[in-house]
Amino acid sequence: VQLQASGGGLVQAGGSLKISCAGSGRTFSNSVMGWFRQQPGKEREFVAAIKWNGGHTYYGDSVKGRFTISIVKAKNMVYLQMNSLKPEDTAVYYCAADFNMIQSSIPMSRMYDYWGQGTQVTVSS
């Protein structure tokens with residue numbers, strides 16, 4: 001399984017950005033796809049996740065109402081639409097996948113087996 005994150009960049013506070021994650025190597029049916037972020041010196045933080053089958057979504061408290069996770073199954077793509085960005089959203093954003101996830105473990109980074117390389121998002125004030 002390979003995950004390739006892209007689309008990061010520099011944006012002003014209050015702006016929007018959409019980052020992408022391309023999956024390959026196997027079918028993603030029955031997977032949970034997640035986005036995490038990490039700031040220097042801090043632990044990886046759960047941002048959002050989506051169940052490939054059914055499309056149920058989950059969000060971290062700090063991004064609820066501002067970020068939206070989505071998938072395009074035909075392209076094996078996962079997206080994170082980020083609106084009303086704040087300087088504290090600045091981080092490296094990672095996409096992740098797991099095929100044996102239980103619901104209570106979705107926000108736990110250590111439960112994901114596959115990770116992309118990360119894309120930098122910088123929000124200027």
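Residues numbered from 1 in each chain as written. Predicted model: local features only at pLDDT ≥ 70, side-chain atom pairs only at ≥ 80, totals over all residues. Heavy atoms only, no water.

(A) Up close: the sheet that holds strand 1 (residues 2-6). Taken together, the four strands give an open sheet; going across it, the order is 1-3-8-7, and neighbouring strands pair in antiparallel fashion. For this open sheet the edge positions go to strand 1 and strand 7 (67-72), each flanked by a neighbour on one side alone. The mean angle between the axes of side-by-side strands here comes to 15°, regardless of whether they run parallel or antiparallel. One ladder, built from five bridges, connects strand 1 with strand 3 (residues 17-24); its direction is antiparallel. Among the inter-strand pairings, Gln4 is bridged to a residue of strand 3, identified as Ala22. (Pairing = 2+ DSSP bridges. Helix = DSSP H or I, 4+ residues; strand = E, 2+ residues; numbered from the N terminus. Axes fitted to C-alpha atoms, helices over the stretch in contact; angles between N-to-C directions.)

(B) Looking closely at the nonpolar core. Core analysis: the biggest nonpolar cluster contains 28 residues, and Trp35, Leu80, Met82 and Tyr93 have the highest contact counts within it. Those elements that provide at least two residues to this core are strand 1, strand 3, strand 4 (32-38), strand 5 (45-51), strand 7, strand 8 (77-82), strand 9 (91-98) and strand 11 (119-124). Broken down by element, this core gets its largest block of residues, four residues, from strand 9. In this structure, Phe46, Ala49, Ile106 and Tyr112 belong to the second largest nonpolar core, which totals nine residues. (Core = buried A, V, L, I, M, F, W, Y, C linked by side-chain atoms within 4.5 Å. Buried < 20%, exposed > 50% of the residue type's maximum accessible area, 1.4 Å probe, protein only.)

(C) Molecular detail of the pattern of salt bridges. This structure, assessed with the given rule, holds four salt bridges. Ionic pairing is found between Arg37 and Asp89, a salt bridge with its closest N-O pair at 2.8 Å. On the criterion of sequence distance, the pair formed by Arg37 in strand 4 and Asp89 in the loop between strand 8 and strand 9 is long-range, its members being 52 residues apart. One exposure class covers both Arg37 and Asp89, and it is buried. Close ionic contact of Asp89 with Arg66 constitutes a salt bridge, the shortest N to O distance being 2.8 Å. Highlighted residues: Asp89 in the loop between strand 8 and strand 9 and Arg66 in the loop between strand 6 (57-59) and strand 7, separated in sequence by 23 residues. Take Asp89: its relative accessible area is 1%, and that puts it in the buried class. Under the relative-accessibility criterion, Arg66 is labelled buried at 11%. Here the salt bridges do not stand alone but share partners, grouping Arg37, Glu45, Arg66 and Asp89 into one network. (Salt bridge = Lys/Arg side-chain N within 4 Å of Asp/Glu carboxyl O.)

(D) Region of interest: the pairing of strand 9. Of all the eight residues making up strand 9, seven are buried; the element is thus mostly covered by neighbouring parts of the structure. Strand direction decides the pairing type here: strand 4 and strand 9, joined by seven bridges, are antiparallel. By the bridge assignment for strand 9, Phe36 is matched with Tyr94. As paired elements, strand 9 and strand 11 share three bridges and run antiparallel to each other. By the bridge assignment, Ala91 is partnered in strand 11 with Val121. Taken together, the two bridges between strand 9 and strand 10 (residues 114-115) define a ladder with antiparallel strand orientation. Each bridged residue has a counterpart across the sheet, and for Ala97 the counterpart in strand 10 is Tyr114.

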